[in-house]
Amino acid sequence: MGKLIVSENISIDGVIEDPTGEDDGGRGNWFARIGDTTRGVWAEVELNEALGAEALLMGRRSYEWFLARGWATSRAGAWADRLRTLPKYVVSSSALEGPDWGNVTVLKGDVPAEVAKLKEQIDGDIVLYGSGRLVHTLWEHNLVNELRLMTYPVVVGTGSRLFTDTSDATDLRLINTRPVGEDLALHIYQPIL
């Protein structure tokens, strides 16, 4: 049975929106606030996560974000190479447009049921990057097995948060926490169901 892992870049106050500053909201680009040493360690963590994954899951907008930044074609390096080879499952109610990343399956219809089937079919980690709305849906249906939160030392103050309104409180167990470089902290939690 597959294990669904939500992997997010997140601010101290829970914002996941615009860590690279590309949405022009004026409060993003926390990624630029970390030093080169930390950025290198962060890249190692991300590569290791991808090497341990059996598949990627993402919403249409996150998929298109990766495509627009060359992950399908021109991005170089071991992390990009690994993401290109992994099976990718994209939740979308419409047809995907633009260049194909390769190895992509579109999940349509009843999203929780489709993701539950996917978890039954894949033996290993299914990593979900970004995709805030999709995370909310899967969280509400108890399909998330682990949260990996790469926490940036910034209070953004506004923007989309990882969790807003949920139907119920969920207790979590801290599995691991560690510094990442000089600036970040990786917190890993599992829901107690």
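Provided above is the structure to which this section pertains.
Residues numbered from 1 in each chain as written. Predicted model: local features only at pLDDT ≥ 70, side-chain atom pairs only at ≥ 80, totals over all residues. Heavy atoms only, no water.

1. Quick look at the packing of helix α1 (residues 36-51) against helix α3 (residues 78-85)
Turning to step 1, where the next piece is worked out: Relative orientation of the contacting elements α1 and α3 amounts to 25°, with a least axis distance of 9 Å. By the angle between their axes, α1 is roughly parallel relative to α3. Seen from above, α1 lies across α3 with left-handed handedness. The residues of α3 that touch α1, namely those facing W42, E46, L47, A50 and L51, are A78, W79, R82 and L83.
Turning to step 2, where the next piece is worked out: Residues belonging to the contact of α1 with α3 are distributed by class as follows: 7 nonpolar, no polar and 2 charged. (Axes fitted to C-alpha atoms, helices over the stretch in contact; angles between N-to-C directions. Helix = DSSP H or I, 4+ residues; strand = E, 2+ residues; numbered from the N terminus. Parallel < 35°, antiparallel > 145°, perpendicular 65-115°, else oblique. Left-handed = near helix turned anticlockwise from the far one by under 90°. Contact = heavy atoms within 4.5 Å. Nonpolar A, V, L, I, M, F, W, Y, C, P; charged D, E, K, R; others polar.)

2. Looking at the packing of aromatic side chains
Turning to step 1, where the next piece is worked out: Taken as a whole and judged by the stated rule, the model has 8 aromatic pairs.
Turning to step 2, where the next piece is worked out: Relative to W101, the ring of Y63 lies with its centre 6.1 Å away and its plane at 45°, an arrangement referred to as tilted. With Y63 in helix α2 (residues 60-68) and W101 in the loop between β3 (88-91) and β4 (104-107), this pair connects stretches of sequence that are 38 residues apart.
Turning to step 3, where the next piece is worked out: Of the residues examined, Y63 reaches a relative accessible area of 2% and is grouped as buried.
Turning to step 4, where the next piece is worked out: In textbook terms, an aromatic cluster arises when at least three aromatic residues are bridged by ring pairs, as seen for Y63, W65, F66, W101 and Y129.
Turning to step 5, where the next piece is worked out: Its end group placed over the ring of F31, R39 keeps NZ or CZ at 5.0 Å from the ring centre.
Turning to step 6, where the next piece is worked out: The ring centre of W101 lies 5.0 Å from the NZ or CZ of K88, which sits over that ring. (Phe/Tyr/Trp six-rings, centres within 6.5 Å; stacked < 30°, edge-to-face > 60°. Buried < 20%, exposed > 50% of the residue type's maximum accessible area, 1.4 Å probe, protein only. Lys NZ or Arg CZ within 6 Å of the ring centre and 35° of its normal.)

3. Topic: the nonpolar core
Turning to step 1, where the next piece is worked out: Membership of the largest hydrophobic core comes to 31 residues, with the highest contact counts inside it found for W42, L83, W101, Y129, M150 and Y152.
Turning to step 2, where the next piece is worked out: Elements represented by at least two residues in this core include exactly α1, β2 (53-59), α2, α3, β5 (125-129), β6 (146-152) and β8 (184-191).
Turning to step 3, where the next piece is worked out: In contact with Y152, other than residues within four places in its own chain, are N9, I10, S11, I12, W30, F31, I34, W42 and L184.
Turning to step 4, where the next piece is worked out: Listed in part, the 24 residues of the second largest apolar core include I10, L118, W139 and L149. (Core = buried A, V, L, I, M, F, W, Y, C linked by side-chain atoms within 4.5 Å.)

4. Examining the side chain of E49
Turning to step 1, where the next piece is worked out: You can see E49 is positioned in helix α1.
Turning to step 2, where the next piece is worked out: One polar contact links E49 to S7, side chain to side chain, over a distance of 2.9 Å. (Polar contact = N/O pair within 3.5 Å; in protein donor to acceptor, adjacent residues only side chain to side chain.)

Purely geometric stuff here, so don't read any function into it on its own.
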